[in-house]
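Each chain, written out:
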Amino acid sequence: MFGLLNRLRHRVTGSGPADAPAEPAAAEPPPGRRHRDPTPSERQLTEEISQKLLHGWLENRHQTLMPLSLNLARIPAEDREPIARFAAIAACAGTDARAPERVRQWLDASGADADTLAAYEAALDAPPPLARALADMASPECAGIAYVLALVAARDGVVGDAGHAFADYVAKRLALPNSALRSAERRYRL
């Protein structure tokens, strides 16, 4: 016990009794199963399993980037009104007269509250400027929802019509990652 205290004092202060005998270093125990170096075959097996796990995660990462269902009730209240305004712009962007009702149904099914739906209806009557609406979609979650709204509005339209062109513009303008685009298109583009 005193030997341990002397060593600690020597380390902390840098001084110690000159005549203090040094304790012999204990021999290290042989490495156990957990501490030994793996054999080449074990290392190869570990690397293969790691690669498979990483590949599986990368294949399913779209589920974390764009969930299967968007729940607008979980979106912060201050983001819901800008989403509603952008939804109105997306509904008016194409040539399909059914788009405003389709977007409203999607908002309702996605958990939009009465205030969000009222903001959507008001924005349909007087759409805000596109530049301001896109600026309000700055957060990654809002940007993904904006792209989904553009896809929902363009659904059932003629391929290559203005609604699809608007969706492509939104994706480029908001600089959405390709993985999020592919994930949203798998779920919402027809």
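Going by the structure above, here's the rest.
In this report, the structure presented in the accompanying data block is examined.

Time to look at the overall build of the protein chain. Helix and strand counts for the protein chain come out as ten helices and zero strands. Reading the secondary structure of the protein chain in the N-to-C direction produces α-α-α-α-α-α-α-α-α-α. Put simply, the protein chain has 190 residues, and 33% of those count as buried. Restricting the contact set of the protein chain to residue pairs at least 6 apart, pairs at least 24 apart contribute 78%. Summing over all exposed atoms, the protein chain offers an accessible surface of approximately 12500 Å²; the carbon and sulfur share of this is 57%.

Right, let's get into helix α8 (residues 140-154). Helix length check: α8 (15 residues) gives 21 Å between terminal C-alpha atoms against 21 Å at 1.5 Å per residue, within 8%. A large share of α8 lies buried, amounting to 13 of its 15 residues.

Per the counting criterion, the structure on display carries one aromatic pair. Both rings, one in phenylalanine 86 and one in phenylalanine 166, keep their centres 6.0 Å apart while their planes meet at 25°; by these two values the pair is stacked. On the criterion of sequence distance, the pair formed by phenylalanine 86 in helix α4 (residues 77-93) and phenylalanine 166 in helix α9 (residues 162-173) is long-range, its members being 80 residues apart. Residue classification places phenylalanine 86 among the buried residues on the basis of a relative accessible area of 0%.

As enumerated under the stated definition, the model contains six salt bridges in all. Here arginine 80 and aspartate 113 are joined by a salt bridge, their closest N and O atoms 3.2 Å apart. One end of the pair, arginine 80, is in helix α4; the other, aspartate 113, is in the loop between α5 (99-109) and α6 (114-125), with 33 residues separating them in the sequence. Judged by relative accessible area, which is 18%, arginine 80 ranks as buried.

A few words on α4. Taking 1.5 Å of rise per residue, 17 residues should cover 24 Å, and α4 covers 25 Å from first to last C-alpha, within 8% of that figure. All of the buried residues along α4 are Arg80, Pro82, Ile83, Ala84, Arg85, Phe86, Ala87, Ala88, Ile89, Ala90 and Ala91. Where α4 is buried, its residues touch α5, α6, α7 (130-135), α8 and α9.

Let's shift gears to the nonpolar core. By size, the foremost hydrophobic cluster in this structure holds 43 residues, and its most contacted members are Phe86, Val103, Trp106, Leu107 and Leu149. Those elements giving two or more residues to this core turn out to be α4, α5, α6, α7, α8, α9 and α10 (178-188). With eleven residues, α8 is the single largest residue contributor to this core. Each residue touching phenylalanine 86, except ones within four places of it in the same chain, is listed here: Leu130, Ala133, Leu134, Met137, Ala146, Leu149, Phe166 and Val170.

Calculation notes
Residues numbered from 1 in each chain as written. Predicted model: local features only at pLDDT ≥ 70, side-chain atom pairs only at ≥ 80, totals over all residues. Heavy atoms only, no water. Helix = DSSP H or I, 4+ residues; strand = E, 2+ residues; numbered from the N terminus. Buried < 20%, exposed > 50% of the residue type's maximum accessible area, 1.4 Å probe, protein only. Contact = heavy atoms within 4.5 Å. Areas by Shrake-Rupley, 256 points an atom, 1.4 Å probe, with all protein chains shown as cover. Expected span 1.5 Å × (residues − 1). Phe/Tyr/Trp six-rings, centres within 6.5 Å; stacked < 30°, edge-to-face > 60°. Salt bridge = Lys/Arg side-chain N within 4 Å of Asp/Glu carboxyl O. Core = buried A, V, L, I, M, F, W, Y, C linked by side-chain atoms within 4.5 Å.

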